[in-house]
Amino acid sequence: MAARIFNLIKKSFEKSFSKVNMKLVLDFMKTKIIEQAKEELHGSEKKEKVDKAVIDFVLKNVKSGNPIINAFIGILIDYIPSVSQCVYEYLKKYVDGLTEVQN
């Protein structure tokens, strides 16, 4: 019985946090960061917009009916600001104008 419950949770986790889903989240995050580089906002405002957009994306696209998996989704959402900062730091090496503030 416990093994069956564990397998159900594992399958639900693998479905919600598949490589495909996580790649979609990271690609969406990257796109939003690059889009915000063109906006006439200061860095913190851009970051807030990116984080909000990514959180909305996760809430709409990474779903589960399992409350345990939903707790993991909540943890993922908590880490989005840190992950987006890492993605930004990586991208600024390769995307011209990413760090410029428009006035």
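In what follows, the structure referred to is the one given above.
Scoring rules and cut-offs
Residues numbered from 1 in each chain as written. Predicted model: local features only at pLDDT ≥ 70, side-chain atom pairs only at ≥ 80, totals over all residues. Heavy atoms only, no water. Helix = DSSP H or I, 4+ residues; strand = E, 2+ residues; numbered from the N terminus. Rg over C-alpha atoms; globule rule 2.2 N^0.38 Å. Buried < 20%, exposed > 50% of the residue type's maximum accessible area, 1.4 Å probe, protein only. Polar contact = N/O pair within 3.5 Å; in protein donor to acceptor, adjacent residues only side chain to side chain. Contact = heavy atoms within 4.5 Å. Expected span 1.5 Å × (residues − 1). Arc of directions from axis to C-beta.

Turning next to the overall build of the protein chain. A tally of regular secondary structure across the protein chain gives 4 helices and 0 strands. The secondary structure elements of the protein chain, listed N-terminal to C-terminal, are α-α-α-α. Relative to the globule expectation of 13 Å for 103 residues, the C-alpha radius of gyration of the protein chain, 16 Å, shows a markedly less compact shape. Considered along the principal axes of its C-alpha atoms, the protein chain spans approximately 60 × 20 × 15 Å. Scored against the burial criterion, the 103 residues of the protein chain give a buried share of 26%.

The next thing to look at is the side chain of Asn21. Here Asn21 lies in helix H2 (residues 19-37). Among the polar contacts made by the side chain of Asn21, one reaches the main-chain carbonyl oxygen of Lys15 at a distance of 3.2 Å. One polar contact links the side chain of Asn21 to the main-chain carbonyl oxygen of Ser16, over a distance of 3.0 Å. Look past the residues within four positions of Asn21 in its chain and what remains in contact with it is Lys15, Ser16 and Asn61.

Another aspect to go through is helix H3 (residues 43-61). With 19 residues, H3 should reach 27 Å at 1.5 Å per residue; the first-to-last C-alpha distance of 27 Å fits that figure. Every buried residue belonging to H3 is among Lys46, Val50, Asp51, Ala53, Val54, Phe57 and Val58, and all of these are buried. All buried residues of H3 project into a common sector of 165 degrees when viewed along the axis, lining one side. Exposed residues on H3 whose side chains face more than 90 degrees from its buried face are Ser44, Glu48, Lys52 and Lys60. Tucked into the core, H3 has its buried residues touching H2 and helix H4 (67-91).

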